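Notes for the structure review
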Amino acid sequence: MTLEDLRERLSALDTQLLTLVAERQRLSREVAEAKRSTGRGTRDYQRERDVLMRARSTAQSLELSPDLAESVMRLLIRGSLTTQERLRVAAGGQGSGRSALVIGGAGKMGRWFVEFLASQGYQVCGADPAGRIEGVSWVADWRETALEHDLIVVATPLQIANRVLAELAARKPRGIVFDIGSLKSPLRTGIKAMQDAGLRITSIHPMFGPDTELLSGRHVIFVDAGSKEAIDAARGLFASTMAEQVVMTLDEHDRLIAYVLGLSHALNIAFFTALANSGEAAPRLAQLSSTTYDAQVDVATRVAGESPDLYFEIQSLNDYGRESLTALRSAVDRLWQAVSGNDAADFAAMMRQGREYLAGRVREG
Ligand SMILES: C=C(O[C@@H]1C=C(C(=O)O)C=C[C@H]1O)C(=O)O
């Protein structure tokens with residue numbers, strides 16, 4: 001057989017494989033329906049384990065790599081979970097007959113919320129001078145609307161969000177209002193103005209990016225701003241997803257985020273800055289690779305591609321931001337001391353402490 005013949009056979013096989021994948025996706029939609037009618041949850045870890053174990057043993061008998069089989073099955077399970085979650089969100093949606101306004105609707109997370117709310121049956125209006133989404137009713141300036149919506153989502157950059165909340169407090173909308181800011185300290189005065197006006201305000205932080213399709217394994221943080229009705233409604237929006245809900249206070253949120261976002265961004269910024277300043281070594285590094293270096297470069301590349309304005313806000317506007325940066329500086333100092341002082345014992349102590357700490361927080365893949 002020629003190379004062309006062989007490739008033709010491969011292409012035919014690929015079509016067959018994808019036809020089967022489509023069939024699997026169709027069946028998983030039926031499974032979603034069966035689970036919903038019997039009141040069962042979407043995700044079933046036991047079943048997933050069985051599917052993966054079965055794939056591994058089938059692979060073995062076919063002389064195929066069990067790791068390859070497992071990776072393929074993980075992708076397929078992810079695909080079917082995404083489909084099932086979407087169906088459940090649509091079926092469980094409380095938006096029918098209700099309206100929502102997304103202020104900052106053309107931004108990355110604003111768009112995510114426009115689509116998420118529309119999929120729950122909300123009549124969504126976007127407000128953003130910077131752009132619009134085709135097929136969605138839109139105003140450039142939210143102040144032009146009568147603010148009669150059942151739900152108002154504030155999805156603008158942080159400092160604007162604080163001003164929007166303060167202005168909303170003066171307009172006294174009857175609906176439930178929440179922001180989706182990555183930090184809450186810069187929103188303190190806006191949230192307080194809403195509380196003082198007796199309005200239904202809460203504050204949420206979806207811990208995922210705008211490209212996220214499957215919420216399983218993701219967290220959504222809900223900050224209690226004193227209105228039970230508002231926090232319950234916001235939590236209700238995510239009830240039919242598989243996202244994990246966490247409730248905390250404003251200060252607790254920012255202290256944790258100083259590490260979860262602040263520290264990890266800072267570490268990557270320090271990493272690529274050190275690399276970029278490495279002079280002659282830099283071009284040669286590109287030709288080498290090691291597992292750790294490649295993985296770190298991947299993360300750093302994503303960080304370097306993010307918005308400098310947002311990332312600066314995340315560092316500078318957090319009341320607790322200096323705490324995590326100081327922790328990073330002390331850690332680098334200690335490493336410096338251990339290495340330059342030839343202190344192998346302290347170096348080993350750092351490694352051991354890290355291993356023990358990280359072993360306590362392994363997450364499911
Ligand atoms: C399809 C199902 O739903 C989910 C997806 C699975 C899969 O794609 O194999 C397995 C378990 C569930 O988490 C199911 O429960 O069978």
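Residue numbers run consecutively from 1 along every chain, following the written order of its sequence. Predicted model: local features are reported for residues with pLDDT of at least 70 only, side-chain atom pairs are reported and counted for 80 or more only, and whole-chain, interface and lining totals are derived from all residues. Calculation of side-chain values draws on the structure's entire complement of heavy atoms; hydrogens and water are dropped beforehand.

**Quick word on helix α2 (residues 45–61)**
Its 17 residues place the ends of α2 25 Å apart at the C-alpha level, agreeing with the 24 Å of an ideal helix rising 1.5 Å per residue. Along α2, the residues that are buried comprise Glu 48, Val 51, Leu 52, Ala 55 and Ala 59. One side of α2 carries all its buried residues, which in axial view fall inside an arc of 95°. Along α2, exposed side chains directed more than 90 degrees from the buried face belong to Arg 47, Arg 54, Gln 60 and Ser 61. Whether two residues are in contact is decided by their heavy atoms: any pair within 4.5 Å suffices. What counts as a helix is a DSSP run of H or I of at least four residues, what counts as a strand is a run of E of at least two, and both are numbered from the N terminus. Contacts made by the buried residues of α2 are with α1 (3–37) and α3 (66–92). In the analysis that follows, any N or O atom pair within 3.5 Å is treated as a polar contact, provided that within protein one partner can donate a hydrogen and the other can accept it, and provided that, for residues neighboring in sequence, both atoms belong to side chains. For α2, the N-terminal capping position is held by Asp 44, with its side-chain oxygen 3.2 Å away from the main-chain nitrogen of Gln 46. One less than the residue count of a helix, multiplied by 1.5 Å, gives the span that helix is expected to have. Relative accessibility decides the category of a residue: with a 1.4 Å probe and only protein chains considered, values under 20% of the type maximum give buried, values over 50% give exposed, and everything between is partly exposed. Here the arc refers to the directions that run from the helix axis out to each C-beta atom.

**A short note on the site of the ligand**
Taken together, the neighbourhood of the ligand is formed by 13 residues, with Arg 24, Lys 35, Asp 44, Glu 48 and Ser 80 sitting nearest. Between an oxygen atom of the ligand and a side-chain N or O atom of Arg 24, the distance comes to 2.8 Å. In this structure, Ser 80 approaches the ligand through a side-chain N or O atom, which is 2.5 Å from an oxygen atom. With residues, only the protein chains shown are counted as cover, and all accessible areas are computed by Shrake-Rupley using a 1.4 Å probe. Relative to its free-state accessible area of 360 Å², the ligand is covered by the protein chains to the extent of 91%. One heavy atom within 4 Å of a molecule or strand is enough for the residue carrying it to be called near that molecule or strand.

**Here's the deal with the packing of aromatic side chains**
Any pair of aromatic rings gets described here by the distance separating the centres and the angle formed by the planes. Within 6.5 Å between ring centres, the rings of Phe, Tyr and Trp (the latter by its six-membered ring) count as paired, and their orientation is classed by plane angle as stacked under 30 degrees, edge-to-face over 60, tilted in between. In total, this model carries nine aromatic pairs according to the counting rule given. For the ring pair Phe 113 and Phe 116, a centre distance of 6.3 Å and an interplane angle of 85° mean the geometry is edge-to-face. On the criterion of helical spacing, the pair formed by Phe 113 and Phe 116 is a turn pair, its members being three residues apart in helix α4 (residues 108–119). Here Phe 113 falls in the buried class, since its relative accessible area comes to 0%. Looking at Phe 116, the relative accessible area reads 7%, which means it is buried. Aromatic pair Phe 113 and Phe 238: ring centres 6.4 Å apart, planes at 75°, arrangement edge-to-face. Taken together, the residues span a long stretch of sequence, with Phe 113 in helix α4 and Phe 238 in the loop between α7 (228–237) and β8 (244–248) at a distance of 125 residues.

**So, the side chain of Lys 184**
If you trace the backbone, Lys 184 turns up in the loop between β5 (176–179) and α6 (188–196). For Lys 184, a relative accessible area of 0% gives the class buried. Ignoring anything within four residues of it in the chain, the contact list for Lys 184 reads Asp 179, Ser 203, Ile 204, His 205, Val 223, Leu 250, His 253 and Asp 254.

**Details of α4**
Each full turn of the α-helix corresponds to 3.6 residues, which orients residues three or four apart in the same direction. With twelve residues, α4 should reach 16 Å at 1.5 Å per residue; the first-to-last C-alpha distance of 17 Å fits that figure. Listed in full, the buried residues belonging to α4 are Met 109, Gly 110, Trp 112, Phe 113, Val 114, Phe 116 and Leu 117. Of the residues one or two after α4, Gly 121 is the one with positive phi, at around 95°.

**A few points about the UniProt feature "coiled-coil region" (unreviewed entry) in the chain**
UniProt positions are given in the numbering used here, feature names are shortened, and annotations may be inferred rather than shown by experiment. Per the UniProt record, "coiled-coil region" (unreviewed entry) is found at residues 3–37. Within the segment residues 3–37, helix and strand shares are 100% and 0% respectively, and the terminal C-alpha atoms sit 51 Å apart.

**What to know about a nonpolar patch on the surface**
Grouping into patches uses exposed residues only, defined as over 30% relative accessible area, and leaves out salt-bridged ones; the cut-off is 9 Å for like charges and 5 Å for nonpolar side chains (Val, Leu, Ile, Met, Phe, Trp, Tyr). Each salt bridge in this description consists of a side-chain nitrogen of Lys or Arg and a carboxyl oxygen of Asp or Glu lying within 4 Å of one another. Together, Leu 62, Leu 64, Leu 68 and Val 72 make up an exposed nonpolar region whose accessible area comes to about 360 Å². Position of Leu 62 relative to the elements: it lies in the loop between α2 and α3. Look at Leu 62 and you get exposed, because its relative accessible area is 59%.

**Observations concerning the pattern of salt bridges**
In total, this model carries 19 salt bridges according to the counting rule given. The shortest N-O distance in the salt bridge between Glu 33 and Arg 36 comes to 3.3 Å. Of this pair, Glu 33 and Arg 36 are both found in helix α1, three residues apart, which corresponds to roughly one turn of the helix. For Glu 33, a relative accessible area of 44% translates into the label partly exposed. For Lys 184, the salt bridge goes to Asp 179, with nearest N and O atoms at 2.7 Å. Each member of the pair Lys 184 and Asp 179 is classed as buried.

**Details of the pairing of strand β4 (residues 151–154)**
Here β4 shows two buried faces, one formed by Leu 151 and Val 153 and the other by Ile 152 and Val 154. A pair of strands counts as paired when DSSP detects no fewer than two bridges linking them. In the sheet, β4 pairs with β5 via four bridges, with the strands oriented parallel. Bridging from a neighbouring strand, Ile 152 pairs with Val 177 of β5. With its strands directed away from the observer, a crossover is right-handed exactly when the path from the first strand over the helix to the second travels clockwise. Handedness of the β-α-β unit built from β4, helix α5 (residues 158–171) and β5 comes out right-handed.

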